[in-house]
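An overview of the molecular structure
Okay, here's what each chain looks like letter by letter:
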Amino acid sequence: MVDADQAMLQHCVTRVGGRQPLSIATSKAQVLHLLRHGSGFDVVVVCERLTDGSGLALLDDIHSKWPHVVRVFCSERPRLALVRGRLGALRLRHTLPYPLKPAKLELLLVQLARARLR
């Protein structure tokens, strides 16, 4: 899970971490390092704002270098509507409105479980 907001990441760890393996990062650089050197990731949940740039740019990189990784994008509803055309080219699995409320986190858990079953 990638987000510049540390409090949101901690919230997700509290809600999701006990039920699914979860790594967190605040930057594009951290995520790319984890993907290159990690033990393999099934899903990357990317929020739009990162400490070192755009979540959309990160999704582009993940799509081109790790096409097997399921990608989920989170952003505020108005922003999702504005970038929807660009998201199609990224072949995302899902988008989620931000901030991630409990019901949306449950949906995220379902997405994570589905991805791990493949």
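Small disclaimer: the values here were computed from a predicted structure and weren't measured.

A separate point is the packing of helix α2 (residues 28-37) against helix α3 (residues 55-65). Contact pair α2 / α3: the axes reach a minimum separation of 10 Å and the direction vectors enclose 15°. For the element pair α2 / α3, the angle class is roughly parallel. α3 is crossed by α2, and the crossing has right-handed handedness. Residues Lys28, Val31, Leu32 and Leu35 of α2 form the contact with α3, whose own contacting residues are Ala57, Leu58, Asp61 and Ile62. Here the residues of the contact of α2 with α3 are counted per class, giving six nonpolar, no polar and two charged.

In this section: the pairing of strand β4 (residues 70-75). In terms of burial, β4 is largely enclosed, as six of its six residues are buried. Neither face of β4 is open: one carries Val70, Val72 and Cys74, the other Arg71, Phe73 and Ser75, and all of them are buried.

What follows covers helix α1 (residues 6-16). Three or more residues of α1 are buried, namely Met8, Leu9, Cys12 and Val16. Relative to the axis of α1, the buried residues are bounded by an arc of 100° and lie together on one face. Exposed residues lying more than 90 degrees from the buried face of α1 are Gln6, Ala7 and Thr14. Put simply, Asp5 is the residue that caps the front of α1, since its side-chain oxygen is 3.0 Å from the backbone nitrogen of Ala7.

In terms of nonpolar packing, the biggest core is built from 17 residues, with Val2, Val31, Leu35, Val44, Leu58 and Ile62 touching the most fellow members. If you list the elements that add at least two residues to this core, you get α2, β1 (43-47), α3 and α4 (77-89). Beyond its immediate sequence surroundings of up to four residues, Leu58 is in contact with Val2, Lys28, Val31, Leu32, Val46 and Leu50. By size, the runner-up hydrophobic cluster in this structure holds 11 residues, among which are Cys12, Val43, Val45 and Leu108.

Rules used throughout
- Residues numbered from 1 in each chain as written.
- Predicted model: local features only at pLDDT ≥ 70, side-chain atom pairs only at ≥ 80, totals over all residues.
- Heavy atoms only, no water.
- Axes fitted to C-alpha atoms, helices over the stretch in contact; angles between N-to-C directions.
- Helix = DSSP H or I, 4+ residues; strand = E, 2+ residues; numbered from the N terminus.
- Parallel < 35°, antiparallel > 145°, perpendicular 65-115°, else oblique.
- Left-handed = near helix turned anticlockwise from the far one by under 90°.
- Contact = heavy atoms within 4.5 Å.
- Nonpolar A, V, L, I, M, F, W, Y, C, P; charged D, E, K, R; others polar.
- Buried < 20%, exposed > 50% of the residue type's maximum accessible area, 1.4 Å probe, protein only.
- Arc of directions from axis to C-beta.
- Polar contact = N/O pair within 3.5 Å; in protein donor to acceptor, adjacent residues only side chain to side chain.
- Core = buried A, V, L, I, M, F, W, Y, C linked by side-chain atoms within 4.5 Å.

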